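If you want the building blocks of each chain, they are given just below.
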Amino acid sequence: MSKYFMLQYLIFLLINIIIGFVASNMAAKRGLLKIPAYFVGFFGSFLALLIIAMFPKRME
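These numbers come from a predicted model, not from an experiment. (Residues numbered from 1 in each chain as written. Predicted model: local features only at pLDDT ≥ 70, side-chain atom pairs only at ≥ 80, totals over all residues. Heavy atoms only, no water.)

Caption draft 1: Spatial organisation of the packing of helix α1 (residues 7–29) against helix α2 (residues 34–44). Across the interface, α1 lies against α2 with an axial gap of 7 Å and an inter-helix angle of 145°. When the axes of α1 and α2 are compared, the crossing they make is right-handed. Contacts from Leu13, Asn16, Ile17, Ile19, Gly20, Phe21, Ala23, Ser24, Ala27 and Ala28 of α1 reach α2 at Lys34, Ala37, Tyr38, Gly41 and Phe42. For the contact of α1 with α2, the per-class residue count stands at 10 nonpolar, 4 polar and 1 charged. (Axes fitted to C-alpha atoms, helices over the stretch in contact; angles between N-to-C directions. Helix = DSSP H or I, 4+ residues; strand = E, 2+ residues; numbered from the N terminus. Left-handed = near helix turned anticlockwise from the far one by under 90°. Contact = heavy atoms within 4.5 Å. Nonpolar A, V, L, I, M, F, W, Y, C, P; charged D, E, K, R; others polar.)

Caption draft 2: Representation of helix α3 (residues 46–53). Burial in α3 covers these residues: Ala48, Leu49 and Ile52. All buried residues of α3 fall inside an arc of 100° around its axis, so they share one side. The outward face of α3, more than 90 degrees from its buried face, is lined by the exposed residues Phe46, Leu47 and Leu50. Buried residues along α3 sit in contact with α1 and α2. (Buried < 20%, exposed > 50% of the residue type's maximum accessible area, 1.4 Å probe, protein only. Arc of directions from axis to C-beta.)

Caption draft 3: Representation of the side chain of asparagine 16. Of note, asparagine 16 is situated in helix α1. Residue classification places asparagine 16 among the buried residues on the basis of a relative accessible area of 7%. With sequence-adjacent residues up to four places away left out, asparagine 16 is seen in contact with Gly41, Phe42 and Ser45.

Caption draft 4: Expanded view of the side chain of arginine 30. Relative to the elements of secondary structure, arginine 30 occurs in the loop between α1 and α2. The exposure class of arginine 30 is buried, given its relative accessible area of 16%. Separated by 2.8 Å, the side chain of arginine 30 and the backbone oxygen of phenylalanine 55 make a polar contact. (Polar contact = N/O pair within 3.5 Å; in protein donor to acceptor, adjacent residues only side chain to side chain.)

Caption draft 5: Region of the structure containing the packing of aromatic side chains. Taken as a whole, this structure holds 6 aromatic pairs when the rule is applied. Between tyrosine 38 and phenylalanine 39, the aromatic rings sit 5.4 Å apart at their centres with planes inclined by 80°, giving edge-to-face as the arrangement. Their ring planes at 15° and their centres at 6.5 Å tell us that phenylalanine 39 and phenylalanine 43 sit as a pair that is stacked. Here the residue phenylalanine 39 and the residue phenylalanine 43 both occupy positions in helix α2, the gap between them amounting to 4 residues, near one helical turn. (Phe/Tyr/Trp six-rings, centres within 6.5 Å; stacked < 30°, edge-to-face > 60°.)

By themselves, these are just geometric observations and shouldn't be taken as functional.
Here it is, written out as structure tokens:
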């Protein structure tokens, strides 16, 4: 086992957290719920971003 064994998992976790925040912000702009969108983005990754992006932005 290399000494960088956990580094790959930490990088993957960091990327998923960033995708979760992006999904949360996208959902808020479209009038969707932020917390479920965060978890969908965290676990679903890029597919969730594409699904959220299909909804039109809410005009204020």
